[in-house]
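Spelled out from the first residue to the last, the chains are:
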Amino acid sequence: VQLQASGGGLVQAGGSLRLSCAASGRTFSRYSMGWFRQAPGKEREFVAAITWSGGNIAYADSVKGRFTISRDNAKNTVYLQMNSLKPEDTALYYCAARERQPTVVVYKIPREYDYWGQGTQVTVSS
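If you're wondering where the values come from, they're calculated on a predicted model, not measured in any experiment.

A. Fine view of the pairing of strand S3 (residues 17-23). Among the seven residues in S3, five count as buried, and that is most of the element. Where strand S1 (residues 3-6) lies against S3, four bridges are found, and the strand directions are antiparallel. Looking across to S3, one finds that serine 6 is bridged to serine 20. By the bridge criterion, six bridges tie S3 to strand S8 (residues 77-82) in an arrangement that is antiparallel. Within S8, the position partnered with leucine 17 by the bridge is methionine 82.

Below, the structure written as structure tokens:
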């Protein structure tokens, strides 16, 4: 499985970006997907996750109400719509896939994922 993240960039505080993560593989619809981010000098942290069907979704408290995760299984793609961006959202954003028995559980810990994309940089200026 290969994951290709895109959509990052430089935006002013209050602005919006939409990240995309395109996945290879014929069984994308079975994957649980997640977005994580890592700022310089900090550990990788959970941002949002979605189950294989899109039926269950979870967000970090810091992005709740501002970010929206979604997926299009026909396009093998997961999205992260980011609104009302803040300087503290600046980080390298990674998408991750979990290729195991589909469940309704939303996974928030990096080690629970099997595959990672290369990351896309989001920089929010004040």
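Additional details are given in the paragraphs that follow.
B. Seen up close, the pattern of salt bridges. Scanning the model with the defined rule gives five salt bridges in all. One network of salt bridges, with partners in common, ties together Arg37, Glu45, Arg66 and Asp89.

C. Region of interest: the environment of glutamine 12. Inspection of the secondary structure assignment puts glutamine 12 in strand S2 (residues 9-12). Residue glutamine 12 is classed as exposed on the basis of its relative accessible area of 61%. Distance from glutamine 12 to lysine 86, taken between C-alpha atoms, is 8.1 Å for residues 74 residues apart in sequence.

D. Summary view of the sheet that holds S8. On the basis of which strands lie adjacent, the open sheet formed by four strands has the order S1-S3-S8-S7 and antiparallel pairing. Strands at the two margins of the open sheet, each flanked by one partner only, are S1 and strand S7 (67-72). Pairs of neighbouring strands in the sheet enclose a mean axial angle of 15°, with direction left out of account.

Scoring rules and cut-offs
- Residues numbered from 1 in each chain as written.
- Predicted model: local features only at pLDDT ≥ 70, side-chain atom pairs only at ≥ 80, totals over all residues.
- Heavy atoms only, no water.
- Buried < 20%, exposed > 50% of the residue type's maximum accessible area, 1.4 Å probe, protein only.
- Helix = DSSP H or I, 4+ residues; strand = E, 2+ residues; numbered from the N terminus.
- Pairing = 2+ DSSP bridges.
- Salt bridge = Lys/Arg side-chain N within 4 Å of Asp/Glu carboxyl O.
- Axes fitted to C-alpha atoms, helices over the stretch in contact; angles between N-to-C directions.

By themselves, these are just geometric observations and shouldn't be taken as functional.
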